[in-house]
Amino acid sequence: MEIKNIEGLRVSQVRDLVQQGGKFVVFPYTVSFILMTLKRSSDIYFIRPDENTFKYSYGYVILNLFVGWWGIPWGPIYTIGSAYHHITGGKDLTHAVMGHLTQHDPEANTNTYNINGVESSNNGSTASETPTYNIPV
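In this text, all values refer to a predicted model and were calculated from it rather than measured experimentally.

To continue, consider the packing of aromatic side chains. Under the criterion given, the structure shown has seven aromatic pairs. Between Phe27 and Tyr60, the aromatic rings sit 6.2 Å apart at their centres with planes inclined by 20 degrees, giving stacked as the arrangement. On the criterion of sequence distance, the pair formed by Phe27 in the loop between strand 2 (23–26) and strand 3 (28–33) and Tyr60 in helix 2 (residues 54–67) is long-range, its members being 33 residues apart. Tyr60 sits in the buried class, given a relative accessible area of 19%. Measuring from centroid to centroid gives 5.1 Å for Tyr45 and Tyr56, while their planes differ by 35 degrees, and the two rings are tilted. Placement of the pair is Tyr45 in strand 5 (residues 44–47) and Tyr56 in helix 2, with a sequence separation of 11 residues.

Where strand 3 meets strand 4 (residues 36–41), six bridges bridge the pair, whose relative direction is antiparallel. Directly across from Val31, in strand 4, lies its bridge partner Leu38. Between strand 3 and strand 4, which pair antiparallel in sequence order, lie two residues; one of them, Ile34, sits at a positive phi of approximately 35 degrees.

In this section: the packing of helix 1 (residues 11–19) against helix 4 (residues 94–103). Two numbers describe how helix 1 lies on helix 4: the axes approach to 10 Å, and their chain directions differ by 155 degrees. With respect to their mutual orientation, helix 1 and helix 4 come out roughly antiparallel. Considering the relative orientation of helix 1 and helix 4, their crossing is left-handed. Residues Val11, Val14, Arg15 and Val18 of helix 1 form the contact with helix 4, whose own contacting residues are Thr94, Met98, Leu101 and Thr102. Along the lines of polarity and charge, the residues of the contact of helix 1 with helix 4 split into five nonpolar, two polar and one charged.

Another point: the pattern of salt bridges. On inspection of all chains with the given rule, the structure shows two salt bridges. Here Lys4 and Asp43 are joined by a salt bridge, their closest N and O atoms 3.4 Å apart. Of this pair, Lys4 sits in strand 1 (residues 3–4) while Asp43 is found in the loop between strand 4 and strand 5, placing the two residues 39 residues apart along the sequence. You can call Lys4 partly exposed: its relative accessible area is 27%. Given a relative accessible area of 24%, Asp43 falls into the partly exposed group. In this structure, Glu51 engages Lys55 in a salt bridge whose closest nitrogen and oxygen atoms are separated by 3.1 Å.

Scoring rules and cut-offs
- Per chain, residue numbering runs from 1 following the sequence as it is written.
- In keeping with the model being predicted, local features are shown solely for residues with a pLDDT of at least 70 and side-chain atom pairs are shown and tallied solely at 80 or more, while totals for entire chains, interfaces and linings include all residues.
- Excluded from the side-chain calculation are hydrogens and water; included are all heavy atoms of the structure.
- Two aromatic rings, drawn from Phe, Tyr or Trp (for Trp, its six-membered ring), form a pair once their centres lie within 6.5 Å of each other, and the interplanar angle then sorts them: stacked below 30 degrees, edge-to-face above 60, tilted otherwise.
- Secondary structure counts use DSSP, requiring at least four H or I residues in a row for a helix and at least two E residues in a row for a strand, with both numbered from the N terminus.
- Burial classes: relative accessible area under 20% of the type maximum marks a residue as buried, over 50% as exposed, and values in between as partly exposed (1.4 Å probe, protein chains only).
- Being paired, for any two strands, means DSSP has found at least two bridges between them.
- A fitted line through C-alpha atoms serves as each axis, taken over the contacting stretch for helices, and the angle formed by two N-to-C directions is quoted from 0 to 180°.
- Convention used here: angles under 35 degrees read as roughly parallel, angles over 145 as roughly antiparallel, angles from 65 to 115 as roughly perpendicular, and any remaining angle as oblique.
- Two helices that cross are described as forming a left-handed crossing if the nearer one is turned anticlockwise from the farther one by less than a right angle, and a right-handed crossing if clockwise.
- The criterion used for residue contact is that any of the two residues' heavy atoms lie within 4.5 Å.
- Any residue outside Ala, Val, Leu, Ile, Met, Phe, Trp, Tyr, Cys, Pro, Asp, Glu, Lys and Arg is labelled polar, Gly included; the first ten of those are nonpolar and the last four are charged.
- Between Lys or Arg on one side and Asp or Glu on the other, a salt bridge is scored when a side-chain nitrogen of the former is within 4 Å of a carboxyl oxygen of the latter.

Have a look at this one:
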């Protein structure tokens, strides 16, 4: 899935915006063909603290209303569930996305880490050096 609306932002800037009330959401939608119903989600959208989700979700709301209901029996059930998420501003994925962004942040210093006060290093070692792991028991 692609994350939309974060173009040009560093992870630290995204983190600051999330602390101010920004969030990452997807908009679920339903597509039905009489005997078959598909439940899908949009790409991930970053909603800034001062933004409303409607400008990103209205296309999925229309799609849901026109082609979501027609599948028997799951079409109406999935369509109502999707509509609920549209009304509440999208399905919130902020914690999962921020965890992923933080873990893969190119600006983060991941050469050292600290477990229970013992600092260790991920720096490359020479072939003659035996790696040491400081894991508390």
